[in-house]
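Secondary and tertiary structure notes
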Amino acid sequence: MTEDRTAVADRNQPGWAETGDGDESVYVVKRIFREFIWPRRKLVLRSMLTMIFVAATTGALPFLMQTAADRVFIQKDQTTLYILPLVVAVVMAVRSLAEYSSRMTEARISGEIVAELREKLFRRLANSDLGFLQGTHSARFVSVFSADTLVVNQAASQTLTALVRNALQSVALVGAMLWLDWVLGILVLGSLPISIMLMSKQRRKLTKSVKQSLSGSGDIARIVAQTLAGIRVVKAYGQEASETARALRHIESTRDAGLRTQKTRARTGPFTEGLSGLGFAAAIFYGGWRGIHGGLTLGEFMGFMSAAMLIYQPLKTLANLQNVLMEGIIAARRVFSILDEEPKVVERAEAKVLLNPAGAITFDHVTFGYNEETPVLHDVSLTIQPGQKVAFVGPSGAGKSTLLNLVLRFYDPASGVVRIDGQNIADFTLASVRKASALLTQDPVLFDDTIRANIAYGSPEADQAAIEAAARAADAHSFISTLEKGYDTPVGEAGSLLSGGQKQRIAIARAMLRGAPILLLDEPTSALDANSEAHVQAALDGLFAGRTVLMIAHRLSTVKRADMIVVLDKGRIVETGTHDELAAAGGLYAHLHKTQLSGAGAAAEGGNAA
Ligand code: ATP
């Protein structure tokens, strides 16, 4: 089983779901059966037992028809006239009850499978590596989550049950037809192998259009997400028409793929129906001839014809099942490609809980790259004492954010070790390592919930007093109290109902409440205006006290609050020291000070003064 999983995971990127051959299909079918059907075998069995009733009662209908014609119409038998309707009523009642029960069980299996798929996908999503999530468009997850799971479910639950239900009914009806007159039976059923051959010929075409249709739906979801995320820019640059045109291209090509699928499917209809029409015509001729020349009663003929008509629907469904299965396989590959993504950052089996860390951080000869070919950090060594405030300065792309990512163990170094209080962070549970740090970014992340829930995010045990204390310390309480619903005010999607400074102060309150000894800052005041920045700075000062602080600095005002400045260039530490030392040394820092830091810093400081 493990080997199978690895085999799929390796074929995963990018989008192995789009390719594939027979072996993969067999693997996917086996896996759907093993993971989703087998655990529900009792339900499946129950559904199948009821289907036996459906099949048996269906098979009885032609004989009832035969009896009605022969005994009632030909022999004028009064007793049969009274008994037959009762028998028919009972048979139909049993049939419909069995059908109802079988469909209800099927619906239950189906609902459970969709829910299980979605639960598994969400768990995988929540526990995936940042690297995988960032490398995959979020809309792909959404489309797999909403559309593909339904298609997989359709294949998983319906293929099996529909296969059994329709196969049983077909067997019962074929049996009835051959029993009533085997020559007639062969005449009508003779077209069947040809129809099946025709349908499987269409499969290749169908596979292509179904794949296009599913990935097209993913593309549409991606464009909608992208446009909504960037709607301010879209409007500001007047790109509504071009975005609409781009969306239309995908919408139309998805529509065309859907249409091709339906056309291919529908095309088999006239052929197969024409063929079965010929079978019927031959049966009427031969049956009529035998009727005239003796050997076939009217009842036998009518019983036979009703079986021939009844068998049409189950046979059609059976023939269509391979398409349902094929669509399911394509969708399942897309689902499995996400489920099989193995996290690279894993917790060791013997991982300990990092208890009450003091907040010392060491980078010990750390080398790291987001991919193996291009290292982003080269042999970085640095020791930060508990309570020390360190500013990271350097040109864009130097690796400053990457260093913070490693402290949170979002990624593992390729070589070297990151330590907290002298101990390798890989020896501890991921949760306890991440709990040691609070991260504040330029664009604070708020969830579509109340202010209270956002402050208490990650600290579910916090009571109102603690939440309020954190908000006061973050200079947020005053603005929260002016809101009509106070702490129960919803912040809107991604905090859209609040200003940048308000969002940042809520994020600071969240960090306060979490009480982490290490603070990781990615220039949280850079996106704010002067007035908001003054508030946020004041809040940050409260947060700094007693904590180890690693801050990415683009401004002089930030740098000046640090005990130590670390200058990074192209993934290496090129200078360390205080502002005065480094400014005097005439190196990269002095250059940055003159160019980037001074301008931004002056503006910020001017803003503060205002
Ligand atoms: P800036 O000041 O512009 O934010 P930075 O010093 O923080 O830059 P990093 O974000 O650490 O720089 O990026 C260092 C290098 O790693 C850059 O070359 C960047 O392109 C690359 N990089 C960053 N994140 C990823 C990622 N998720 N996947 C691949 N490469 C990445």
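When its secondary structure is counted, the chain shows 22 helices and 10 strands. By the compact-globule yardstick of 25 Å for 610 residues, the chain is too spread out, its C-alpha radius of gyration being 35 Å. The C-alpha extent of the chain, read off along each of the three principal axes, is 120 × 55 × 50 Å. Looking at the chain as a whole, 46% of its 610 residues are labelled buried. If you take every contact in the chain between residues at least 6 apart in sequence, the share linking residues at least 24 apart comes to 79%.

Before going further, it helps to examine the packing of aromatic side chains. Following the criterion strictly, the structure yields seven aromatic pairs and no others. Look at Phe368 and Tyr411: their rings are 5.4 Å apart centre to centre, the planes differ by 50°, and that puts the pair in the tilted class. Of this pair, Phe368 sits in strand S1 (residues 361-368) while Tyr411 sits in the loop between helix H13 (400-407) and strand S4 (415-420); the two residues are 43 residues apart in sequence, bridging distant segments of the chain. Assigned by exposure class, Phe368 and Tyr411 land together as buried. Clustering of aromatic rings is evident, with ring pairs tying together Phe368, Tyr370 and Tyr411. Sitting above the plane of the Phe336 ring, Arg31 keeps its charged end 3.8 Å from the centroid. It is Arg41 that lies over the ring of Trp38; its NZ or CZ is 4.4 Å from the centre.

Taken as a whole and assessed by the stated rule, the structure comprises 21 salt bridges. The closest approach of N and O atoms between Lys120 and Glu35, which form a salt bridge, is 3.7 Å. With Lys120 in helix H4 (residues 78-127) and Glu35 in helix H2 (residues 22-37), this pair connects stretches of sequence that are 85 residues apart. Between Glu112 and Arg40 there is a salt bridge, and its shortest N-O distance comes to 2.8 Å. Here Arg40 lies in the loop between H2 and helix H3 (41-74) and Glu112 lies in helix H4, a separation of 72 residues in the sequence. Put simply, Arg31, Glu35, Arg40, Arg108, Glu112, Glu116, Lys120 and Asp340 are held in one network by salt bridges that share partners.

On to the site of the ligand. The ligand sits among 13 residues. The nearest are Ser396, Gly397, Lys400, Ser401 and Thr402. At 2.7 Å from an oxygen atom of the ligand is found a side-chain nitrogen or oxygen belonging to Ser401. Alone, the ligand offers 630 Å² of accessible surface; in the complex the protein occludes 59% of this. Element by element, the count of residues in the shell around the ligand is highest for H13, at three residues. Looking at the shell around the ligand residue by residue, the class counts come to five nonpolar, seven polar and one charged.

Inspection of the secondary structure assignment puts Asp340 in the loop between helix H12 (298-339) and S1. As for Asp340 and Leu121, which are separated by 219 residues in sequence, their C-alpha atoms are 9.8 Å apart.

With domains assigned, the chain is organised as domain 1 (20-339) and domain 2 (443-515). Here domain 1 and domain 2 have C-alpha centroids that lie 51 Å from each other.

Turning next to the sheet that holds strand S3 (residues 389-393). Pairing in this open sheet of six strands is mixed, and the strands run S6-S7-S8-S3-S9-S10 from one edge to the other. Sheet topology places strand S6 (437-440) and strand S10 (572-577) at the edges, where each strand pairs with a single neighbour. The mean angle between the axes of side-by-side strands here comes to 20°, regardless of whether they run parallel or antiparallel. Pairing analysis gives four bridges linking S3 to strand S9 (residues 564-569), with the strands arranged parallel. Its bridge partner being in S9, Phe392 is matched across the sheet by Val566. On top of the sheet, H13 reaches S3, S6, strand S7 (518-522), strand S8 (548-552) and S9; it is set at about 145° to S8, its chief contact.

Attention now moves to unusual backbone geometry. The general pattern is negative phi for most residues beyond glycine and trans for most peptide bonds. Positive phi, normally seen in glycine, also occurs at Asn356, with a value near 35°. Position of Asn356 relative to the elements: it lies in the loop between H12 and S1. Backbone geometry at Arg409 places phi at a positive 55°, although glycine is not the residue there. Tracing the sequence through the fold places Arg409 in the loop between H13 and S4. Residue Arg409 is classed as buried on the basis of its relative accessible area, which comes to 3%.

On to the pairing of S8. When you tally the buried positions in S8, you get five out of five residues, the bulk of the element. Residues of S8 alternate between two faces, with Thr548, Leu550 and Ile552 on one and Val549 and Met551 on the opposite face, all of them buried. With four bridges connecting them, S3 and S8 associate as parallel partners. Along S8, the bridge assignment pairs Phe392 with Ile552. Summarising the sheet, S7 and S8 pair through five bridges and their orientation is parallel. Following the sheet pairing, Asp522 is matched in S8 by Ile552.

Examined against the element boundaries, Thr58 turns out to sit in helix H3. At 2.5 Å, the side chain of Thr58 forms a polar contact with the backbone oxygen of Val54. For Thr58, the contacting residues outside a window of four places in its chain are Arg95, Gln169, Leu173 and Leu310.

Looking now at the layout of surface pockets. Taken as a whole, the largest pocket encloses approximately 990 Å³ of empty space. Elements with a minimum of two residues in the lining of the largest pocket: H13, S6 and helix H18 (500-514). When residues of the lining of the largest pocket are assigned to their parent elements, the largest contribution, five residues, is made by H18. The residue makeup of the lining of the largest pocket, split by class, is 14 nonpolar, six polar and four charged.

Let us look at the sheet that holds strand S5 (residues 423-424). Overall, antiparallel pairing links the four strands, which are arranged S2-S1-S4-S5 in an open sheet. Where the open sheet ends on each side, the last strands, each with one partner, are strand S2 (377-384) and S5. Bridge analysis of S1 against S2 gives five bridges, and the strand direction is antiparallel. Residue pairing across strands places Thr362 opposite Thr383, the latter belonging to S2.

What counts and what doesn't
Residues numbered from 1 in each chain as written. Predicted model: local features only at pLDDT ≥ 70, side-chain atom pairs only at ≥ 80, totals over all residues. Heavy atoms only, no water. Helix = DSSP H or I, 4+ residues; strand = E, 2+ residues; numbered from the N terminus. Rg over C-alpha atoms; globule rule 2.2 N^0.38 Å. Buried < 20%, exposed > 50% of the residue type's maximum accessible area, 1.4 Å probe, protein only. Contact = heavy atoms within 4.5 Å. Phe/Tyr/Trp six-rings, centres within 6.5 Å; stacked < 30°, edge-to-face > 60°. Lys NZ or Arg CZ within 6 Å of the ring centre and 35° of its normal. Salt bridge = Lys/Arg side-chain N within 4 Å of Asp/Glu carboxyl O. Near = heavy atom within 4 Å. Polar contact = N/O pair within 3.5 Å; in protein donor to acceptor, adjacent residues only side chain to side chain. Areas by Shrake-Rupley, 256 points an atom, 1.4 Å probe, with all protein chains shown as cover. Nonpolar A, V, L, I, M, F, W, Y, C, P; charged D, E, K, R; others polar. Domains from an automatic or database assignment. Pairing = 2+ DSSP bridges. Axes fitted to C-alpha atoms, helices over the stretch in contact; angles between N-to-C directions. 1 Å grid on protein atoms, 1.4 Å probe; cavity = no way out; pocket = protein on both sides within 12 Å on 5 of 7 lines; lining within 4 Å. Points joined across faces, edges and corners; volume = space filled by probe spheres on them.

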